[in-house]
Amino acid sequence: LSLALCSVVGCATSQSMTTGTSGLTPPMGYKEQMLAEAMAGLMYESDRVLPDPFGEGGRLAWDGGDWKIRLKEAHEFLETGRTIQAIRAFTDTVLLAPNEVEAYEGLGRSLILKNRYKEALAAFLTAIDRQPGRVSAQFAAGDALQRLGRLQDALEIWSAACGLDPNNGPIHSRLAAAYFL
């Protein structure tokens with residue numbers, strides 16, 4: 001009865017579950033837990049990123065002051081393959097500077113690397129909301145849509161991006177390839 005109750009209401013702590021003392025399989029693996037912690041403070045709903053009002057109160061994993069420094073660190077983490085740290089740094093930047101489009105786009109690129117396409121799409125679309133003419137965010141949003149199996153939506157957003165930057169070769173390539181899928 002207690003085992004059934006624990007599995008329904010979750011009475012074991014994450015520490016006891018990861019040490020193997022309960023004999024149960026952890027509900028979330030270590031990597032998934034690290035990713036969830038890196039993403040804490042934001043909600044990814046309705047194709048948009050929003051601060052989580054019920055989460056950890058937007059707890060920042062960084063207290064270094066200027067958000068521009070954190071954004072630079074985020075890009076360095078991403079460039080050196082430290083994706084989880086990049087996600088946390090971009091999340092911090094979004095919480096510190098919610099109108100900074102580059103932070104949403106970097107967050108989306110980091111999430112793509114962790115195969116979190118839905119959340120990445122939300123980040124890219126939020127960047128586009130904040131700066132509608134940002135072709136790089138539109139291009140990336142189209143890629144996320146394609147990976148989510150929403151090819152028609154991807155074609156629409158790539159077409160819009162092509163209208164903004166008609167000389168952009170990669171967008172033309174995506175459009176051409178997509179029409180053959």
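*Asks:* Would you explain the overall build of the protein in this entry?
*Replies:* When you go through the protein residue by residue, the secondary structure sums to 10 helices and two strands. The helix and strand sequence of the protein, counted from the amino end, reads α-α-α-β-β-α-α-α-α-α-α-α. Here the protein holds 181 residues, and the buried ones make up 38% of them. The long-range share in the protein, meaning contacts at least 24 apart out of those at least 6 apart in sequence, stands at 50%. In the structure as shown, the protein presents an accessible area of about 10200 Å², 55% of it carried by carbon and sulfur atoms.

*Asks:* Where do I start with the pattern of salt bridges in this structure?
*Replies:* Between side chains of opposite charge, pairing is possible as soon as their charged atoms come close. One pass over the full model with this rule turns up 10 salt bridges. Taking the shortest distance from any N to any O, the salt bridge between Glu-73 and Arg-70 comes out at 3.0 Å. Highlighted residues: Glu-73 and Arg-70, both in helix 4 (residues 67–79), separated by three residues, approximately one helical turn. Judged by relative accessible area, which is 24%, Glu-73 ranks as partly exposed. With a relative accessible area of 7%, Arg-70 lands in the buried category. A salt bridge links Arg-150 to Asp-153, with the nearest nitrogen and oxygen atoms 3.0 Å apart. What emerges from the salt-bridge pattern is a single network uniting Arg-70, Glu-73, Arg-88 and Asp-92.

*Asks:* Can you help me understand helix 9 (residues 151–164) in this one?
*Replies:* Since there are 3.6 residues in each turn of an α-helix, residues three or four apart along the chain are aligned in direction. For helix 9, spanning 14 residues, the distance from its first C-alpha to its last is 20 Å, which sits close to the expected 20 Å at 1.5 Å a residue. Listed as buried for helix 9 are Ala-154, Leu-155, Ile-157, Trp-158, Ala-161 and Cys-162. For helix 9, the elements touching its buried residues are helix 7 (117–130), helix 8 (135–147) and helix 10 (169–179).

*Asks:* Whenever I open this one, the environment of Trp-67 confuses me. Can you help?
*Replies:* Locating Trp-67 in the fold gives a position in helix 4. Residues Trp-67 and Ala-97, 30 residues apart in the sequence, show an inter-C-alpha distance of 6.7 Å. The contact partners of Trp-67, leaving out residues within four places of it in the chain, are Thr-93, Leu-96, Ala-97 and Glu-100.

*Asks:* Where do I start with the nonpolar core in this structure?
*Replies:* A general trend in soluble globular proteins is that nonpolar side chains are found buried together. Within the largest apolar cluster, 45 residues are counted, with the highest numbers of intra-cluster contacts made by Tyr-44, Leu-107, Trp-158 and Ile-171. Looking at this core element by element, the count peaks at eight residues for helix 7. Leave out the neighbours within four places in its chain, and Trp-158 touches Gln-138, Phe-139, Gly-142, Asp-143, Gln-146, Ile-171, Arg-174, Leu-175 and Ala-178.

*Asks:* Hey, could you run me through unusual backbone geometry in this one?
*Replies:* Glycine aside, residues mostly have negative phi, and peptide bonds are mostly found in the trans state. The backbone of Asn-115 shows a phi angle near 60 degrees, a positive value even though the residue is not glycine. Within the secondary structure, Asn-115 sits in the loop between helix 6 (101–113) and helix 7. Note on Asn-115: relative accessible area 51%, which makes it exposed.

*Asks:* Would you mind going over the packing of helix 8 against helix 10 with me for this structure?
*Replies:* In helix packing, the relevant descriptors are the interaxial angle and the interaxial distance, both defined with respect to the helix axes. Interhelical geometry of helix 8 versus helix 10 gives an angle of 25 degrees and a closest axis separation of 11 Å. In this view, helix 8 runs roughly parallel relative to helix 10, as classed from their interaxial angle. Both helix 8 and helix 10 take part in a crossing whose hand is left-handed. For the pair helix 8 and helix 10, the contacting residues are Val-135, Phe-139 and Asp-143 in the first and Pro-170, Ile-171 and Arg-174 in the second. Looking at the contact of helix 8 with helix 10 residue by residue, the classes come out as four nonpolar, no polar and two charged.

*Asks:* Honestly, the environment of Met-43 in this entry has me stumped. Any pointers?
*Replies:* Following the sequence through the fold, Met-43 ends up in strand 1 (residues 42–45). Relative accessible area serves as the criterion here: at 18%, Met-43 is assigned to the buried category. In the structure, Met-43 is positioned 79 residues away from Ala-122 in sequence and 9.4 Å away in space, judged by C-alpha atoms. For Met-43, the residues in contact, after removing those within four places along its chain, are Arg-48, Val-49, Leu-50, Pro-51, Asp-52 and Pro-53.

Calculation rules
Residues numbered from 1 in each chain as written. Predicted model: local features only at pLDDT ≥ 70, side-chain atom pairs only at ≥ 80, totals over all residues. Heavy atoms only, no water. Helix = DSSP H or I, 4+ residues; strand = E, 2+ residues; numbered from the N terminus. Buried < 20%, exposed > 50% of the residue type's maximum accessible area, 1.4 Å probe, protein only. Contact = heavy atoms within 4.5 Å. Areas by Shrake-Rupley, 256 points an atom, 1.4 Å probe, with all protein chains shown as cover. Salt bridge = Lys/Arg side-chain N within 4 Å of Asp/Glu carboxyl O. Expected span 1.5 Å × (residues − 1). Core = buried A, V, L, I, M, F, W, Y, C linked by side-chain atoms within 4.5 Å. Axes fitted to C-alpha atoms, helices over the stretch in contact; angles between N-to-C directions. Parallel < 35°, antiparallel > 145°, perpendicular 65-115°, else oblique. Left-handed = near helix turned anticlockwise from the far one by under 90°. Nonpolar A, V, L, I, M, F, W, Y, C, P; charged D, E, K, R; others polar.

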